[in-house]
Amino acid sequence: MKWGMNPNSSSLGVDVTFLLFGAAALAFATPVVAALLRLRKPTTTPPAVDE
């Protein structure tokens, strides 16, 4: 038996749980990936203009 649930019930609760955990994982991973990509990008300074 799965988690004390009724074996005759559908697995919709498990599907929703995995969707919620997947969305939470994406929400946490997105800023980390963005920060890593931003740190890897070389910083270029604009050329100095002599007038």
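Since the structure is predicted, the reported quantities are computational estimates derived from the model, not experimental observations.

## Some words on the overall build of the protein chain
In step 1: Within the protein chain, the secondary structure is distributed over one helix and zero strands.
In step 2: Taken over 51 residues, the protein chain has a buried fraction of 0%.
In step 3: When the accessible surface of the protein chain is split by element, carbon and sulfur atoms take 69% of a total near 5300 Å².

## Looking at helix α1 (residues 12-40)
In step 1: Helix length check: α1 (29 residues) gives 41 Å between terminal C-alpha atoms against 42 Å at 1.5 Å per residue, within 8%.
In step 2: The principal kink in α1, of about 25°, is found at Ala29, preceding the proline Pro31 by one to four residues.

Conventions adopted
Residues numbered from 1 in each chain as written. Predicted model: local features only at pLDDT ≥ 70, side-chain atom pairs only at ≥ 80, totals over all residues. Heavy atoms only, no water. Helix = DSSP H or I, 4+ residues; strand = E, 2+ residues; numbered from the N terminus. Buried < 20%, exposed > 50% of the residue type's maximum accessible area, 1.4 Å probe, protein only. Areas by Shrake-Rupley, 256 points an atom, 1.4 Å probe, with all protein chains shown as cover. Expected span 1.5 Å × (residues − 1). Bend = angle between axes of the 7 residues up to and from the residue.

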